There are 2 protein chains.
Amino acid sequence: MNDGFFQTVGIAGIGLIGGSLAKDLRTFGLTDRIVGWNRTASHAERAVELGLVDDVVASLDALVAASDLIVLAMPVDVLEAQLPHVLSALTPTQIVIDVGSAKQALTHAVAGHPNRRQFVACHPMAGTEKSGPDAAIDNLFRNRFTLIIDPEDSDPQALARVSAMWERVGAVLATLSAEEHDRTAALLSHMPHVLAYALARTIKEAERNQALNARFAGGGLASMTRIAHSPISMWQPIFKQNKQALLAAIDIFSNHLAMFRKAIAEDDAKSLTELMR
Amino acid sequence: MNDGFFQTVGIAGIGLIGGSLAKDLRTFGLTDRIVGWNRTASHAERAVELGLVDDVVASLDALVAASDLIVLAMPVDVLEAQLPHVLSALTPTQIVIDVGSAKQALTHAVAGHPNRRQFVACHPMAGTEKSGPDAAIDNLFRNRFTLIIDPEDSDPQALARVSAMWERVGAVLATLSAEEHDRTAALLSHMPHVLAYALARTIKEAERNQALNARFAGGGLASMTRIAHSPISMWQPIFKQNKQALLAAIDIFSNHLAMFRKAIAEDDAKSLTELMR
């Protein structure tokens, strides 16, 4: 039954990613029933209002008990803390996935767990700077990569069913080790987010200290700082869990920035052209 | 006659900015005739095909001779070299504007010129990463700031006519000194462009050296590097002309990035939250 269908899907964390997946599961007929749980109760109620889920449950335990597929769409620190307990509560036919942005800490936390093979670590490389159930949109995953991490540590049938589900919502699948994933995510996502936050901070401070009028900004700055509107509560734990790869990525970027600075300072048009190409 | 109307407008450089202004001048009935000149002859021909200009002329001199308002939409190094000659060729009723992104070098180049007051230095804070006549779009300037630089150095009537034209195409006007402008532009535009180029370079090198698969990037990276697709030939002279303010802005950013790096390295959640807020 590798058609990506799950009778009941439980989504823990009904925000941008969890809510968008709920929409697609319904649109593509991939489930009969979606139950939701959210730490912020008002978000859970809103998810029902928006029709993202059929019902909300009072606890993560209740969600796990009610679901064939459990989707953990929570901040990565909560994920690391909760995944071992979730795995311990599973019956043999249940499957768990996460959609978190850092994987080494998470996979270490469940390495050797008796139910480890019922877990498939996933990272859909999709999103916007918005958050919460109202941020959920259709087709968020279409033509975007969903990375499957350490697939050999998952049960082949669980892996096949989860892969089929992602493909049915339009995602393009690729597999990586947790180490490769975290290094890749540091360079392609985590470090760029730090840059966006640092740039937003720079402009805010310049407004205060140098009487800069940031209203004069053109579209370029808005484009560069858009992702700095992403929620802090989601990004801080990612920065923490992927600290080593992130620091390395920041240093690689800083070295490149220093090369640009040097070429500009020395009016070295040849090097600058080379760097900008 | 401060209605923003000019019988014949000559546009030197019919790309994104010059071409978009041509579209708006026609749409809003602000001119009877537009003539164009472009260093790249194929661009000039394309501008006629697209209906951006009525005619092309063979030289900048010919453009100046034919126009009531001369719009110089050229790279800032060309601008600095050509503006003194353009001013020297003017009859008393003609007006010249530029739309360049750096102003101190330009205003120095014409300080004390007998026809200085027929020149109004303008910087519309609008654009996209695209270039050339095909990049021209309607309403590019609407609700965006156009900065008027050192207005006291322009003839009041010339200033009034140029201001009226910008307002008729929907721009919001503000005035700055050349020094204020270049510091502001360094922080809000030039430095962010350097970051975008440096980030794009970082990812490209990581692809080569670390077997990074950049196809896995989500939307955040695309947003951060979009403006790195802007033409090098336009940006290099801006970086050069505004070197001191740009280097200062890069250093201010680097200090902020270093603060983020420190907070991440030390797991200092309190400082990191403060910085990200």
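The structure reproduced in this document is the subject of the present report. All figures in this text were calculated on a predicted structure; none of them were measured in a lab.

1. As for helix H4 (residues 76-88) of chain B
Residue and element names in this part refer to chain B. Over its 13 residues, H4 runs 19 Å from end to end, which matches the ideal 18 Å to within 8%, given 1.5 Å per residue. Remark: the principal bend of H4, roughly 40°, maps to Gln82, with a proline, Pro84, within the next four residues. Within H4, the full set of buried residues consists of Val76, Val78, Leu79, Leu83, Pro84, Val86 and Leu87. In this fold, the buried residues of H4 make contact with helix H3 (60-66), strand E4 (69-72), strand E5 (95-98), helix H5 (104-110), strand E6 (119-124) and helix H9 (232-241).

2. Details of the relation of the copies chain A and chain B
For the pair chain A and chain B, the relating rotation is 180°, the translation along its axis is 0.0 Å, and the fit reaches an RMSD of 0.0 Å. Seen this way, the second copy is the image of the first under a two-fold rotation axis. In terms of C-alpha distance to the rotation axis, chain A has A:Met224 as its closest residue, with the C-alpha 2.4 Å off the axis. A shared binding surface is used by both copies, with 100% of the interface residues of chain A retained as interface residues in chain B.

3. A word on the nonpolar core
By size, the foremost hydrophobic cluster in this structure holds 127 residues, and its most contacted members are A:Phe253 and B:Phe253. Setting aside anything within four residues of it in sequence, one finds B:Phe253 in contact with A:Leu195, A:Ala198, A:Leu199, A:Thr202, A:Phe253, A:Leu257, B:Met191 and B:Leu195.

4. Some words on the packing of aromatic side chains
Applying the stated criterion across every chain yields a total of eight aromatic pairs over all chains. Between A:Phe216 and B:Phe145, the aromatic rings sit 4.8 Å apart at their centres with planes inclined by 70°, giving edge-to-face as the arrangement. One end of the pair, A:Phe216, is in the loop between helix H7 (178-209) and helix H8 (219-225); the other, B:Phe145, is in strand E7 (residues 145-149), on a second chain. For the pair A:Phe216 and B:Phe145, one class covers both residues: buried. What links up through ring pairs into an aromatic cluster is the set A:Tyr197, A:Trp235 and A:Phe239.

Basis of the calculations
- Residues numbered from 1 in each chain as written.
- Chains lettered and ligands numbered in written order.
- Predicted model: local features only at pLDDT ≥ 70, side-chain atom pairs only at ≥ 80, totals over all residues.
- Heavy atoms only, no water.
- Helix = DSSP H or I, 4+ residues; strand = E, 2+ residues; numbered from the N terminus.
- Expected span 1.5 Å × (residues − 1).
- Bend = angle between axes of the 7 residues up to and from the residue.
- Buried < 20%, exposed > 50% of the residue type's maximum accessible area, 1.4 Å probe, protein only.
- Contact = heavy atoms within 4.5 Å.
- Least-squares fit on C-alpha atoms with pLDDT ≥ 70 in both.
- Core = buried A, V, L, I, M, F, W, Y, C linked by side-chain atoms within 4.5 Å.
- Phe/Tyr/Trp six-rings, centres within 6.5 Å; stacked < 30°, edge-to-face > 60°.

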